[in-house]
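# Architecture and fold: a report
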Amino acid sequence: MAKIVSIFGFLFSLLVLLPSQISAEESEAKESVLTLDNTNFHDTVTKHEFIVVEFYAPWCGHCKQLAPEYEKAASILSSLETPIVLAKVDANEEKNKELASEYEVKGFPTIKILRNGGKNIQEYKGPREADGIVEYLKKQNGPASTEIKSADEASAFIGDKKIVVVGVFPKFSGEEYDNFLALADKLRADYDIAHTLDAKYLPRGDSSVSGPVVRLFKPFDELFVDSKDFNVEALVKFVEESSIPLVTIFNNEPSNHPFVVKYFNSPNAKAMLFVNFTSASTEAFKAKYREIAEQYKQQGISFLIGDVESSQGAFQYFGLKEDQVPLIIIQHTDGKKFFKPNLEPDHLAAWLKAYKDGDVAPFVKSEPIPATNNEPVKVVVGETLQEIVFNSGKNVLLEFYAPWCGHCKSLAPILDEVAVSFQSDPDVVIAKLDATANDIPSDTFEVQGYPTLYFRSASGKVSQYDGGRTKEDIIEFIQKNKDTTGAAQQEVEQPKAPAQQEVEQPKDEL
Ligand SMILES: *[C@@H]1O[C@H](CO)[C@@H](O)[C@H](O)[C@H]1NC(C)=O
């Protein structure tokens with residue numbers, strides 16, 4: 001379970017960047033990692049055929065975890081026959097910010113492999129511990145494609161757990177071969193790539209081919225696919241499309257994780273079917289689900305089947321319960337979700353069709369609507385957010401809180417007093433929402449910490465409140481920003497088109 005929570009944690013950390021505490025700089029011992037800044041960066045990079053640069057920030061927890069491993073790797077790599085230089089840049093320092101934006105640093109740590117004097121920039125996609133870093137970088141510094149010269153080499157290289165791209169050529173020259181090497185250069189960070197003169201060395205498939213042909217080996221679906229279109233762009237497309245399973249499997253098997261990461265990185269809508277892999281109906285689900293995936297795969301949907309035993313992280317994230325299994329949930333990239341609990345295999349096709357036809361209402365994670373809501377501070381849940389905040393025609397101050405958050409507890413009596421002081425004003429509502437148990441429309445509210453306060457005026461102007469946390473400050477803010485158009489008039493005008501919403505973005509942490 002820890003592994004799966006961590007893979008979800010990892011995926012979500014791609015979405016949200018949370019700075020951790022700033023702590024004292026560690027004392028610097030002798031370092032193998034080269035420290036670069038705006039004064040020496042370009043000169044240094046230009047001199048290297050191959051150099052690795054980590055952009056970090058002193059407050060970033062993942063960077064601190066990486067630091068000793070990176071240092072250890074640097075020390076090993078510096079003593080190789082062909083040494084590899086690891087460098088770092090403190091991207092938090094004002095003078096280095098231009099460098100960070102030049103290299104499109106969006107989160108920390110960001111590691112780039114710079115080749116050919118910096119002309120060629122590649123994302124580092126390897127492990128984060130010393131031995132893994134060393135192995136990955138040795139490979140990245142070698143040829144992009146390895147020659148296979150025997151059947152033993154082929155089976156060691158290809159195996160049956162990962163994707164491997166192999167070019168078969170009658171000779172290692174000519175346009176096809178050059179294009180294949182260009183492909184290898186482009187994709188070397190993500191794939192294992194090899195070339196051979198003899199298809200007979202290769203496992204799987206017809207070995208009488210003499211090439212030129214590119215054969216992609218994969219541990220799922222048809223197990224290998226061939227392409228003879230040697231246009232570089234076509235080859236890239238072929239490799240990327242062929243390496244996505246029709247149905248991605250989500251369980252505790254580590255060899256599946258790269259495909260899960262690929263799945264979550266896809267721009268498609270994501271259909272996720274959760275079943276208990278040990279239950280008798282699983283095979284029937286898998287069969288029906290594959291049929292559906294086959295039918296809809298060209299329509300912007302990617303499919304995943306997950307074992308409920310491995311999916312606690314996902315269940316928590318979506319607010320799902322185990323007694324709803326078997327269930328399917330579809331999430332769009334804008335966060336909109338569609339959900340069907342307690343499915344049977346025979347329901348799948350009809351539900352997917354209804355979803356496609358727009359006949360399934362979106363699913364909102366929500367606590368139950370409270371039976372009474374008479375306290376001065378009103379309780380808002382996922383299902384009442386539209387009604388109370390967006391469509392009430394009132395000025396609403398909304399607190400996003402977490403039950404465990406201490407600052408929220410200190411704020412609670414203050415909000416109570418604010419609410420009491422507005423009790424005679426029908427235009428003003430003070431409300432709170434447990435952001436851990438209810439969906440928040442992320443296109444309107446950006447909630448990265450608790451408490452977060454937003455104000456939506458009666459006319460629809462949304463702004464984050466970042467003033468003082470005293471009763472007086474909050475009351476003054478509401479008095480100044482509320483619209484006094486009159487609630488009664490607003491109410492008869494409904495329903496109306498959502499007003500243009502202005503949102504203040506929180507400061508960029510970079
Ligand atoms: C999955 O099924 C097995 C066997 O039927 C059962 O023991 C287990 O509790 C189930 N797991 C969940 C999370 O429901």
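The rules behind the values
- Residues numbered from 1 in each chain as written.
- Predicted model: local features only at pLDDT ≥ 70, side-chain atom pairs only at ≥ 80, totals over all residues.
- Near = placed C-beta within 6 Å.
- Nonpolar A, V, L, I, M, F, W, Y, C, P; charged D, E, K, R; others polar.
- Axes fitted to C-alpha atoms, helices over the stretch in contact; angles between N-to-C directions.
- Helix = DSSP H or I, 4+ residues; strand = E, 2+ residues; numbered from the N terminus.
- Parallel < 35°, antiparallel > 145°, perpendicular 65-115°, else oblique.
- Left-handed = near helix turned anticlockwise from the far one by under 90°.
- Contact = placed C-beta atoms within 7 Å.
- Core = buried A, V, L, I, M, F, W, Y, C linked by C-beta atoms within 7 Å.
- Buried ≥ 20, exposed ≤ 12 C-beta atoms within 10 Å, placed from the backbone.
- Pairing = 2+ DSSP bridges.

Contacts to the ligand come from N276, T278, S279, V308, E309 and E322. Grouping the amino acids of the shell around the ligand by side-chain chemistry returns one nonpolar, three polar and two charged.

We now examine the packing of helix α3 (residues 61-78) against helix α5 (residues 130-141). The contact between α3 and α5 brings their axes to 8 Å, and the two run at 45°. By the angle between their directions, the pair α3 and α5 is classed as oblique. For the pair α3 and α5, the crossing hand works out as right-handed. The segment α3 lies against α5, with E69, Y70, K72, A73, I76 and L77 engaging A130, I133, V134 and L137. Within the contact of α3 with α5, the residues separate by chemical class into eight nonpolar, no polar and two charged.

Moving on, we get to the nonpolar core. Within the largest apolar cluster, 31 residues are counted, with the highest numbers of intra-cluster contacts made by V52, V53, F55 and L86. When residues of this core are traced back to their parent elements, those giving at least two are β2 (50-56), α3, β3 (85-90), α4 (97-102), β4 (110-115) and α5. Counting residues per element, this core draws most heavily on α3, which supplies six residues. Sequence-distant contacts of F55, defined by excluding residues within four places in its chain, comprise V89, A91, A100, Y103, V105, F108, P109 and T110. Core analysis: the second largest hydrophobic core is formed by 30 residues, L273, I301, L327 and I328 among them.

Moving on, we come to unusual backbone geometry. A cis geometry characterises the amide bond from F108 onward to P109, with omega recorded as -10°. The residue P109 is located in the loop between α4 and β4 in this model. Following V325, the chain continues to P326 via a peptide bond in cis, the omega torsion being 0°. At E104, a residue that is not glycine, the phi angle is positive and equals roughly 50°. One non-glycine residue with positive phi stands out, namely L223, at about 70°. With 13 C-beta atoms counted inside 10 Å, the residue L223 sits in the partly exposed group.

Moving on, we get to the packing of helix α10 (residues 282-296) against helix α12 (residues 348-356). At a minimum axis distance of 10 Å, the contact between α10 and α12 shows a crossing angle of 30°. Taken as axis vectors, α10 and α12 run roughly parallel relative to one another. Crossing hand, α10 versus α12: right-handed. Contact residues: K288, Y289, I292 and Y296 in α10; L348, A349 and L352 in α12. When its residues are assigned to classes, the contact of α10 with α12 shows six nonpolar, no polar and one charged.

The five strands lie next to each other as β6-β8-β7-β9-β10, forming an open sheet whose pairing is mixed. This sheet does not close on itself; its edge strands, each paired only once, are β6 (146-148) and β10 (224-227). Averaged over neighbouring strand pairs, the angle between their axes works out to 25° when direction is ignored. Of the pairings in the sheet, the one linking strand β9 (residues 213-217) to β10 comprises four bridges and is antiparallel in character. Along β10, the bridge assignment pairs L216 with V225.

If you walk across this open sheet you meet the five strands as β16-β18-β17-β19-β20, and the pairing is mixed. The sheet is open, and its two borders are formed by β16 (378-379) and β20 (462-465), each paired with just one other strand. Two elements, strand β19 (residues 452-456) and β20, share four bridges in a ladder whose sense is antiparallel. The partner of F455 across the bridge, within β20, is S463.

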